[in-house]
Structure formats: C-alpha cells, structure tokens
Amino acid sequence: MCKDGFGYGVGEEEEDEEEEDSEEDISAANDNDQPRILLLGLRRSGKSSIQKVVFHKMPPSETLFLESTNKIYKDDISSSSFVNFQIWDFPGQVDFFDPTFDYEMIFRGTGALIFVIDAQDDYMEALGRLHLTVSRAYRINPHINFEVFVHKVDGLSDDHKIETQRDIHQRANDDLMDAGLDRLHLSFYLTSIYDHSIFEAFSKVVQKLIPQLPTLENLLNIFISNSGIEKAFLFDVLSKIYVATDSSPVDMQSYELCCDMIDVVIDISCIYGAYDDDSLAIIKMNNTTVLYLKEVTKFLALAIHEVFELTQVRRNCLEDHLDSPKAPVLNGTPRGLV
Ligand SMILES: Nc1nc2c(ncn2[C@@H]2O[C@H](COP(=O)(O)OP(=O)(O)OP(=O)(O)O)[C@@H](O)[C@H]2O)c(=O)[nH]1
Ligand SMILES: [Mg+2]
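Residues numbered from 1 in each chain as written. Chains lettered and ligands numbered in written order. Predicted model: local features only at pLDDT ≥ 70, side-chain atom pairs only at ≥ 80, totals over all residues.

Caption draft 1: Spotlight on helix H7 (residues 213–227). The end-to-end C-alpha distance of H7, which contains 15 residues, comes to 21 Å, matching closely the 21 Å that a straight helix rising 1.5 Å per residue would cover. Burial in H7 covers these residues: Leu216, Leu219, Leu220, Phe223 and Ile224. Down the axis of H7, the buried set is contained in an arc of 130 degrees. They therefore lie on one face. Along H7, the residues that are exposed and aim more than 90 degrees away from the buried face are Pro214 and Ser225. Immediately downstream of H7, the backbone of Gly228 shows phi near 70 degrees, a positive value. (Helix = DSSP H or I, 4+ residues; strand = E, 2+ residues; numbered from the N terminus. Expected span 1.5 Å × (residues − 1). Buried ≥ 20, exposed ≤ 12 C-beta atoms within 10 Å, placed from the backbone. Arc of directions from axis to C-beta.)

Written out as structure tokens, the structure reads:
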C-alpha cells in the first residue's frame, strides 16, 4: 500500500469506518495529521453524491436514492488511492453552535473546504451559509483553501451557467468585503456529477494540496517535449483525479478520453487479471488520435493523449522515454522526489 503518498501529512493506517459518532470520532481523527477536505453546504446540495461518485464509483443516477446525511461521514481514501487525505462529508445545515462539534479542531486540520451550492435552486440561503462557514473557518485557520462548487449545472444552459457563476461570485465576494475579509480568497467551479466536470474540479482542489506539484509538472513538461506527444496526465486511478499534468492548457476532451480509457482498462483488468506494474494499454481512436496508459504505481497511471499515428517506431520511442532514468516520475514512484 502506498501509505506515503502525496499530501502534507503522512497518516497512520485507519480502519475503514462507516458512520461514526461525531464527538468521539472527531477527537480520534485529530490524532492523525492527514490533510482533510471538508464537504459543506445546504441539505440536498449534492455533497454525498460528489463523494460517492468521485471516490466510490457510484453511478450518478444511483445518487437519487442517497439518504440525507445526519452525522459527519469520514472517508479515509488513502488505503485505495495515491493521494493521502480524508474527505469529510457533513450533514446539511450544520449548527456551528452545537457543542458536540469542535469546529476549532476540525478547521485547524483542514486543507480544503469545499462549499457546495445547488445552482438549480434559489441560492440566497446558501450564500448566507457560505459566508458564515468560510468566515468562521478563516478566523480559525487562514491557510485553508476555500473552494465553491456551483453544482448541478447539468440542468442549466451554457449562458445560464456563466451568469449563475458570475452572480454567485459577485455576491459572495461583496459579502466578504463588507465583513472586512477581503483577503479571504474563494475559487469557483461549475460542476455536475453527470459529466467529467466534478472530476476536473476535484483534481484542481487536490492539486493545491500537493506540495510536489511544480516538480511533477516540470517532469511532465520535459517528458512531453522530449517525446513530442500532445498531453500527459498523471492520474490517481481510483478516483480519476489527475494529480498533475504538463503546463499546456487542459482540453476537456483529452481529459475525458483519458478518464474513459482508465475505466476501460480497469474493467478489462478486473475480468482478465490484475492491474499491475507492467500494465500498459494503447487505444487507437482513429488515424490521428492514440491514447496510451502506463501504470506507474499501484494507484498511479500516466495517461497520454497522442495526436499522431503511433507507429511501432514511435511506440518504441515512447516506451524508451517511459523507462528512461531521466523520467523518474514515470519510472517508479514519485515519492523519491519528496
Ligand atoms: N441534476 C443533478 N442532481 C444532483 C447532482 N448531484 C447530486 N444531485 C442530486 O441531489 C440530491 C441530493 O444529493 P445528496 O448527495 O444526498 O445531497 P447532500 O448535500 O449530501 O444532502 P444532505 O446529506 O441532506 O446534506 C440527490 O437526489 C442527487 O441525485 C448533480 O450534479 N446534478
Ligand atoms: Mg449527504
């Protein structure tokens, strides 16, 4: 198990706990220093759906049957994922004055706070809650990354999406200015569990928590410039979060193709054998697009989007690059870089 994966704390192995009682659990959780990502927002905004779809491969349509969360649900994903952190899914309408929740302790160990707003609903109440939540958390820990998911945008037209994000952005920042919290920075994302936008947004949230990101980006830049390929992603296989990519702009289509490829490879591995150190897959889409997936560690894979025809010569050349000692990140665990 890759217990010493990325993250700014190395956690102890924890038992896979399902639901837990707040007071006791929170103090226990504070005993380890795994970075924490909190999911907060009003009831039915989509927090549990996000956590289930991204980290537990739940099909989006099944989230219709999720019950309302009534206790903090802590999900330690480090045993099945490269990235070493916990996701805490909160009940909607948390009461900051409830003495059983020690928010001071919770926010102190938090790396990112994701506030989910249902964009298909009236968001005025959510904005009030967002302000209360982030201002309280910021006073306790100003180093938290504050992320706002303008969620369920699948039901909105493109124009409506942009306008909703702009309006939420404007109102939330006005509220912060009025409260003298102009140094509190909020990042906004348009998300839906019905497409890849939720994985993209989560990737960006997670990347901010990876101190080695510039090194990884640099290595991927060197890799693509030496091999002449279009785009390379380093993926956390379980969640399809990309831990790093080269610095050329991310085109959603390349990302989606690489995500779909991971699904295909994992499905085939499940049927015909384990996904292991030597796993390698090449999918030729048409004459100009080739996808290439190379296992790096048990939890990490390098996905490459190639827009030239992959001849045998070119394939040998790519494989040489992948095995080159000049590309340690692609040729063993990136932990050696830390
Ligand atoms: N259209 C759409 N519906 C979504 C999306 N995400 C979640 N939902 C639906 O929103 C409803 C509420 O989802 P939950 O994940 O239970 O919401 P929650 O924020 O965890 O709610 P509480 O636990 O009560 O706080 C479910 O019916 C989901 O199917 C989305 O991206 N688009
Ligand atoms: Mg929930």
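Caption draft 2: Broad picture of the nonpolar core. Residues Ile114, Ile117, Leu234, Phe235, Val243 and Ala303 are the most contacted members of the largest nonpolar core, which totals 79 residues. Not counting residues up to four positions away in its chain, the partners in contact with Ala303 are Phe233, Phe235, Cys258, Met261, Ile262, Leu291 and Leu293. (Core = buried A, V, L, I, M, F, W, Y, C linked by C-beta atoms within 7 Å. Contact = placed C-beta atoms within 7 Å.)

Caption draft 3: Molecular detail of helix H4 (residues 124–140). With 17 residues, H4 extends 25 Å from end C-alpha to end C-alpha; this agrees with the ideal 24 Å at 1.5 Å per step. Buried residues of H4: Ala126, Arg129, Leu130, His131, Thr133, Val134, Ala137 and Tyr138, and no others. Buried residues in H4 make contact with strand S1 (36–41), helix H3 (103–108), strand S4 (110–118), strand S5 (145–151), helix H5 (158–178) and strand S6 (186–190).

Caption draft 4: Local environment of the environment of Thr289. Here Thr289 shows up in the loop between strand S9 (280–284) and strand S10 (290–295). In this structure, the C-alpha to C-alpha distance between Thr289 and Glu230, residues 59 residues apart in sequence, is 9.8 Å.

Caption draft 5: Spotlight on the site of ligand 1. Around ligand 1, the surrounding shell holds 22 residues, and the nearest of these are Gly46, Ser48, Ser49, Thr69 and Gly92. Sorting elements by how many residues they give to the shell around ligand 1 places helix H2 (residues 47–56) first, with three residues. Considering only residue class, the shell around ligand 1 consists of five nonpolar, 12 polar and five charged. (Near = placed C-beta within 6 Å. Nonpolar A, V, L, I, M, F, W, Y, C, P; charged D, E, K, R; others polar.)

Caption draft 6: View of unusual backbone geometry. For Lys57, which is not glycine, the phi torsion reads 55 degrees and is therefore positive. Mapped onto the secondary structure, Lys57 falls in the loop between H2 and strand S2 (73–76). Even without a glycine there, the phi angle at Lys152 is positive, about 65 degrees. On the secondary structure map, Lys152 appears in the loop between S5 and H5. Residue Lys152 is classed as buried on the basis of its C-beta count, with 22 C-beta atoms lying within 10 Å.

Caption draft 7: Spatial organisation of the pairing of S1. Of all six residues that make up S1, six are buried, and the element is covered over most of its length. Side-chain alternation along S1 places Arg36, Leu38 and Leu40 on one buried face and Ile37, Leu39 and Gly41 on a second face that is also buried. As defined by bridge partners, S1 adjoins strand S3 (residues 86–89) across four bridges and the pair is classed as parallel. Across the sheet, Arg36 pairs through a bridge with Gln86, a residue of S3. When S1 meets S4, the two strands line up parallel, connected through six bridges. Across the sheet, the residue bridging to Leu39 is Ile114, located in S4. (Pairing = 2+ DSSP bridges.)

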